[in-house]
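# Secondary and tertiary structure notes
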Amino acid sequence: MSTTEDQKIHGILAEFRNPKELTDVAKKMVNSGYSKFDTFSPFPIHGMDKAMNLKKSKLGWIVLGHGILGFSIAIAMMYFMSVIDYPLNISGKPFFNAPAWVPITFELTVLLSAFGAVFGMFFLNGLPKLHNPLFNSERFKKATDDGFFACIEADDDMFEAEKVKALFQEAGATHIEEVYE
Amino acid sequence: MSKYQYVPEPALVKGDHDFSSLTRLVTDINLRETPKAWYLAMMGANALLMLMVVAIGYLIWEGTGIWGLNNPVGWGWAIINFVWWVGIGHAGTLISAILFLFRQDWRTAINRFAEAMTIFAVMCAGVFPAIHVGRIWVVYWMFPIPNQMAMWPNFNSPLLWDVFAVSTYFTVSLLFWYVGLVPDLATIRDRATDKIRKVAYGIFSLGWTGSNRHWWNYEKAYMILAGLATPLVLSVHTIVSFDFAVSMIPGWHTTIFPPYFVAGAIFSGFAMVLTLMIVARKIYGMKDIMTDDHMEKMNIVILVTGSMVGFAYIMEFFIAWYSGVEYEKAIFMLRATGPYAWAYWAMMTCNVFSPQFFWSKKLRRSVGFTFFISIVVNIGMWFERFVITVTSLANDYLPSSWDYYSPTIWDVMTYVGTFGLFFTMFLLFLRFLPMIALAEVKAVIPLADPHNYDEETNEYVAPKVEVPEPQSEKV
Amino acid sequence: MSHKPTITDTLQFPADSKVPGALFGVGAVGLIATIIGYFLDADQFFFSYLVSFTFFSGIALSALIMVMLHHITKSSWGVVFRRISESFTANIWIWAIFVVPILFGIHNLYHWSHPELLEYGTEEYDKIVSGKSPFLNSTFFIIRQVIYFAIWGFLGYKLHKVSVQMDETNDWGLSALLRKVSAPGILLFAFTVAFAGFDWLMSLDPHWFSTMFGVYFFAINFQAFWPIMILIVFYLHKQGLLTNTIRQVHIYDLGAWFFAFTVFYAYIAFSQFLLIYYANLPEETLWYYHRMEGGWQYLLYGSLIFRFAVPFLVLLNREAKKNRMILGGMSALVLIIHFAEIYWIAMPTLYDHGFSFSWMDITAFLGLGGVFFGLFFRQFKQNDMIPKNDPKLEDCLSKSYHQ
């Protein structure tokens, strides 16, 4: 690594021993008034949303929108093709054969909703992300194995490296480091 | 005091595992050098795959005349194999979606595995509708694509519903699987030491960090996907059953087909998961995660769904008699006593009688016996589709046009060949992707719950269940 | 550290409650009024009676399967509701006496019970009904009712008794006994309920048949079971009972099951309709045809809208399942339409020319309903309202919302 002076600091990263400590430090960060912070764990921790004071995910509305779109596309497609453009008498059933259209309408609604759920989730999470400064930290690789990390970003209005370090120290961090862009 | 003993819930993960040992247990398989045995297995699978390629190649060259289809039986092994494979492909999404909604945490040990199996089984299934059309170069007519004839597909046709159902199911299963894989791919990315793995897993893990802000949306997405996949998985085999049931052919047109097909699909899917799981956990040493308790639970599912299938057989038989419709009555008698009685009784033995052994706890926990039954069940489910498809067509309204159906070598080769496709994909999966949903397993062990840590010292305290001392009965 | 949740509420339904008495009173008045109706129009009396009898039997049967499934899956989510269900099942053997009027009315209700249909060569001879006579005959019908109620009555009584015993002895081993009863119980339940559906409703039109009818019968009843549970819990809360024990998170689960089985109902009902509509075979389609003319079609469309579309769209939202007003409203709506659907299945047999409604439909409903819920509350107040020593109770009480 080159000299650190010419690099911009991204944030302070601290490692904790277990999910309990991570949940506690999340509460601490919220109570101290930080907003641009995050916690990292190899699996979702039950109760972390409350500790981090996370707002309800907007994903449900994205999925609903996609579902309505899928439903409309299915009905419009079938209506155009078999009622308007080329009506065919099939076993004496009406052109607008609603019961028989249920399966395809259902499938397309589900398909589009699923697209909404997956791509909406990636969108909300800002993924895929080509580069993340946190990956500069060798230790951070443990976050997908057995490490529990917290990070306060330098962008935070209240960010002061020493204060942040003190907060982590007090919360029982086993390791604290500065992460650069 | 009663003579009954309370048995506490067994731990989901056996042995003394922590997060890091679980990571190593699962991902070492992907990181170590490829074992020789894997190459050998791959060669075998590829040989079978070639068999399929040859069979399909000749089919395209020569036409569907090479199959055993005859005049009354215009639908033979192709549809049987399609339904069979698609049925097997139901367990994965069921395990990941329905059991997730039911909060059945034991699913985490097998869901990745079962989802992979689902995707590959649906691939194998998809081969048949594509090739059975005869003129494969116009297969795009199945889709609503504008063309020079100004024709559209017939949306009243159950076969077209199938096109939409199976392709939606494949897409959604794949997405569901991939969403589950992302955190685990990130784990491999972070453990990889060579350039190729770092880049490859890096691309597919999309820059996942394990941020709890991300997990929050992720869990929501997983929940919604499970909610979508649950009715989807039911709809797919329902629509497959519509292929038969909306017709007027005796033995096909019966209203119980939708739930009955779904139960059968789950039945065969679980059996296939068990077959693969018992082998894989032995080879890869996964007995701590895929435990005998999991096997027992799955055997109970097999018992339940097998009995549901049995219920449907009995209802069909009863209503065929009750309906008073001669053709209905005749076809069911012919199934049990006619030219295909051997297939009918093979189906009954394998599907209805064999799972009943699982009423015994001892047999449910016997690995060898479970393996045996899991194969028997899938043989039985193949025969079920054979009985439905062939008996009804071969002996329809006019006895003068009855004919006996038998397959040709090309039917057999295509079917056997699809196992090549299946195992090729499965071996690739075992080699390159984590076969256990690592993040999910970590999340359900007691170490993961912040409540299991001491308030003061922050040290882990294992949760205990205190069984109360029974009091003597007071009257 | 895990902390043991404790129950702070009283577990005893007020012993001096006038509720069972009042309900029995309503029941007696309703039944007497309906019996007067018998002398005015016997056919109407029996059909009205059958519809309400099916309605309330369906609740008890759904409670039975819910208890058995709960045991067999070792679930924890519904421990706080289990005693409510058990109090329904414990009465099934008493409720059996209410099947007797149907046996007396067999000639009014069931066309197949007329012996002249079986006499070959006569004007009345009906080939199809005659072919079914080994199954559809009065003697076997009565035997079947005895078998059904013997099985249901025994299962319901046993499951309640052992569960109460566990309250007293604190012996968790009994949960193994409960599972041992439930496993074969579910199998017996599946067959008996399917055949009860054939007997009570499908055979009203002896020519018609549907393999799925047993599943359909189960699906309509099971969907309507969750509203009953929700409304009972709301009633208890209104009386200030169990307010800290049964929390919002538990009621949310009831809402979720309500939603799930709304979808299941729609799936089964639609599949049955689609297959018959599509193939359009005269021996099957006629049943729907009669039920889609003369005003009956509005009940069918009503089911589609108010039994599926509205509850589905409303309960899709998580917040709706937490809102008591909405959940209660949907429950009431579905119960009304459940009655309407049974009515729609049964009544066109009697009124094939068009929709008809009688005051006896109301009195029979009140009469049977009064007795049914009177029995329930009489049973419910005898024991604790929660299975207080259940191994899974702690898990259930400490439940919190998932994502």
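Residues numbered from 1 in each chain as written. Chains lettered and ligands numbered in written order. Predicted model: local features only at pLDDT ≥ 70, side-chain atom pairs only at ≥ 80, totals over all residues. Heavy atoms only, no water.

To continue, consider the overall build of chain A. When its secondary structure is counted, chain A shows five helices and four strands. Shown N-terminal to C-terminal, the secondary structure of chain A runs as helices and strands in the order β-α-β-α-α-α-β-α-β. On C-alpha atoms alone, chain A measures out to a radius of gyration of 25 Å, which is more than a quarter above the 16 Å that the 2.2 N^0.38 rule sets for 181 residues. Seen along its three principal axes, the alpha-carbon backbone of chain A occupies a region of about 80 × 35 × 30 Å. Within chain A, buried positions represent 49% of all 181 residues. Nonlocal contacts in chain A, meaning residues at least 24 apart in sequence, comprise 77% of its contacts between residues at least 6 apart. In the form shown here, chain A has an accessible surface area of approximately 8,800 Å², with 60% of it arising from carbon and sulfur atoms. Each charge sign in chain A was given a centre, from 17 positive and 22 negative side chains, and these centres are 7 Å apart. (Helix = DSSP H or I, 4+ residues; strand = E, 2+ residues; numbered from the N terminus. Rg over C-alpha atoms; globule rule 2.2 N^0.38 Å. Buried < 20%, exposed > 50% of the residue type's maximum accessible area, 1.4 Å probe, protein only. Contact = heavy atoms within 4.5 Å. Areas by Shrake-Rupley, 256 points an atom, 1.4 Å probe, with all protein chains shown as cover. Lys, Arg positive; Asp, Glu negative; His and termini not counted. Charge placed at Lys NZ, Arg CZ, Asp CG, Glu CD.)

A tally of helices and strands in chain C yields 17 helices and zero strands. Its C-alpha atoms give chain C a radius of gyration of 22 Å, near enough to 22 Å, the size a compact globule of 403 residues would have. C-alpha extents for chain C along the principal axes are approximately 80 × 40 × 40 Å. Out of the 403 residues in chain C, the part that is buried amounts to 61%. Of the roughly 14,900 Å² that chain C leaves accessible, carbon and sulfur atoms contribute 68%. In chain C, which carries 25 positive and 27 negative side-chain charges, the distance between the mean positions of the two groups comes to 15 Å.

Let us now look at the pattern of salt bridges. Counting across every chain of the model gives 28 salt bridges over all chains. Linking A:R17 and A:E21 is a salt bridge whose minimum nitrogen-to-oxygen distance equals 2.8 Å. On the basis of relative accessibility, which here comes to 4%, the residue A:E21 falls in the buried class. The network of salt bridges with common partners includes B:D293, B:E296, B:K361, B:R364 and B:R365. (Salt bridge = Lys/Arg side-chain N within 4 Å of Asp/Glu carboxyl O.)

Glancing now at the side chain of A:T105. All names here are of chain A. Relative to the helices and strands, T105 is located in helix α4 (residues 98-124). Separated by 2.6 Å, the side chain of T105 and the backbone oxygen of W101 make a polar contact. Sequence-distant contacts of T105, defined by excluding residues within four places in its chain, comprise F71, A74, I75 and M78. (Polar contact = N/O pair within 3.5 Å; in protein donor to acceptor, adjacent residues only side chain to side chain.)

Residues and elements named next belong to chain B. Size it by volume and the second largest pocket reaches roughly 900 Å³. In terms of lining, the second largest pocket is formed by 33 residues, of which the most central are H132, V133, M142, L159 and V163. Tallying contributions element by element places helix α6 (residues 158-191) first for the lining of the second largest pocket, with seven residues. Looking at side-chain class alone, the lining of the second largest pocket contains 24 nonpolar, six polar and three charged residues. (1 Å grid on protein atoms, 1.4 Å probe; cavity = no way out; pocket = protein on both sides within 12 Å on 5 of 7 lines; lining within 4 Å. Points joined across faces, edges and corners; volume = space filled by probe spheres on them. Nonpolar A, V, L, I, M, F, W, Y, C, P; charged D, E, K, R; others polar.)

Contacts between the two partners involve 62 residues from chain B and, on the opposite side, 69 residues from chain A. For the pair chain B and chain A, the summed buried surface comes to about 5,800 Å²; carbon and sulfur atoms form 68% of the total. Scanning the region where chain B abuts chain A turns up one salt bridge. Going through the elements one at a time, α1 (19-31), α6, α8 (212-245) and α16 (438-444) of chain B are the ones with two or more residues in the side of chain B that touches chain A. Per-element tally for the side of chain B that touches chain A: the top contributor is α8(B), with 18 residues. Of the residues assigned to the side of chain B that touches chain A, the class counts are 35 nonpolar, 17 polar and ten charged. (Buried area = accessible area lost by both parts, 1.4 Å probe.)

Turning our eyes to something else, we now look at the sheet that holds strand β4 (residues 175-180) of chain A. Residue and element names in this part refer to chain A. Across the sheet, four strands lie side by side as β2-β3-β1-β4; this open sheet has antiparallel pairing. On the outer flanks of this sheet lie β2 (37-40) and β4, each paired with one strand and no other. The mean inter-strand angle of the sheet, taken between neighbouring strand axes irrespective of direction, is 20°. Sheet topology places strand β1 (residues 9-16) next to β4; six bridges connect them, and they run antiparallel. Bridging across to β4, E15 finds its partner in H175. (Pairing = 2+ DSSP bridges. Axes fitted to C-alpha atoms, helices over the stretch in contact; angles between N-to-C directions.)

Core analysis: the largest hydrophobic core is formed by 346 residues, its most contacted members being A:F168, B:W85, B:F113 and C:W152. Split by domain, the residues of this core number at least three in each of domain 1 (9-55 + 148-180) and domain 2 (59-124) of chain A. In this structure, B:W85 is in contact with B:A121, B:C124, B:A125, B:F128, B:M272, B:Y415, B:T418, B:F419 and B:F422, ignoring residues within four places of it in sequence. Counting eight residues, the second-largest nonpolar core is a separate cluster that includes A:L13, A:L134, A:F140 and A:C151. (Core = buried A, V, L, I, M, F, W, Y, C linked by side-chain atoms within 4.5 Å. Domains from an automatic or database assignment.)

The next thing to look at is the pairing of strand β3 (residues 148-153) of chain A. Residue and element names in this part refer to chain A. Of all six residues in β3, five are buried, a share of seventy percent or more. Note: β1 against β3, six bridges, orientation antiparallel. When the sheet's bridge partners are listed, F16 is paired in β3 with F148. The pairing of β2 with β3 spans four bridges and is antiparallel. The residue of β3 that forms the bridge with F37 is I152.

Bringing the domain arrangement of chain A into the picture now. Assigned domains of chain A: these are domain 1 (9-55 + 148-180) and domain 2 (59-124). The centre of domain 1 of chain A, based on its C-alpha atoms, is set 45 Å off from the matching centre of domain 2 of chain A.

Applying the stated rule across the entire model yields 142 aromatic pairs over all chains. A centroid spacing of 5.7 Å and a plane angle of 85° characterise the contact between B:Y260 and B:Y313, whose relative ring orientation is edge-to-face. In this pair, B:Y260 is assigned in helix α9 (residues 257-283) and B:Y313 in helix α10 (residues 292-323), connecting sequence segments 53 residues apart. By relative accessible area, which is 3% here, B:Y260 ends up buried. Under the relative-accessibility criterion, B:Y313 is labelled buried at 4%. Ring centres of B:W382 and B:F383 lie 5.6 Å apart, and the angle between their planes is 90°; on these two criteria the pair is classed as edge-to-face. The exposure classification of B:W382 matches that of B:F383, with both residues buried. Against the face of C:Y278 rests A:K93, its NZ or CZ located 5.7 Å from the ring centre. (Phe/Tyr/Trp six-rings, centres within 6.5 Å; stacked < 30°, edge-to-face > 60°. Lys NZ or Arg CZ within 6 Å of the ring centre and 35° of its normal.)

Attention shifts here to the interface of chain C and chain A. In this assembly, ten residues from chain C lie in contact with nine residues from chain A. Carbon and sulfur atoms supply 60% of the area that chain C and chain A bury against each other, a total of about 780 Å² over both sides. Looking only at chain C, the three residues that lose the most surface to chain A are C:F270, C:Y277 and C:Y278, adding up to 53% of its buried area. In this assembly, chain C and chain A are joined by one salt bridge. The interface formed by chain C and chain A contains four residue pairs in polar contact (both at pLDDT 80 or more). No other element matches helix α11 (residues 248-279) of chain C, which puts five residues into the side of chain C that touches chain A. Class assignment of the residues belonging to the side of chain C that touches chain A gives a composition of six nonpolar, three polar and one charged.

There is a patch of like negative charges on the surface, built from C:E116, C:E119, C:E123 and C:E124. With respect to the helices, strands and loops of the structure, C:E123 is situated in the loop between α6 (106-109) and α7 (127-132). (Patch = residues over 30% accessible without salt bridge, like charges linked within 9 Å, V, L, I, M, F, W, Y side chains within 5 Å.)

All names here are of chain C. Residue placement: Q297 occurs in helix α13 (residues 296-315). The exposure class of Q297 is buried, given its relative accessible area of 15%. Contact partners of Q297, with chain neighbours within four places excluded, come to R291 and M292.

Right, let's talk about the environment of B:N111 for a bit. Residue and element names in this part refer to chain B. Along the chain, N111 falls in helix α5 (residues 111-131). Exposure remark for N111: the relative accessible area of 0% places this residue in the buried category. Taking the C-alpha atoms as reference, N111 lies 34 Å from V133; in sequence the two are 22 residues apart. Leaving out residues up to four positions away in the same chain, N111 has contacts with I95, S96, Y222, A437 and E440.

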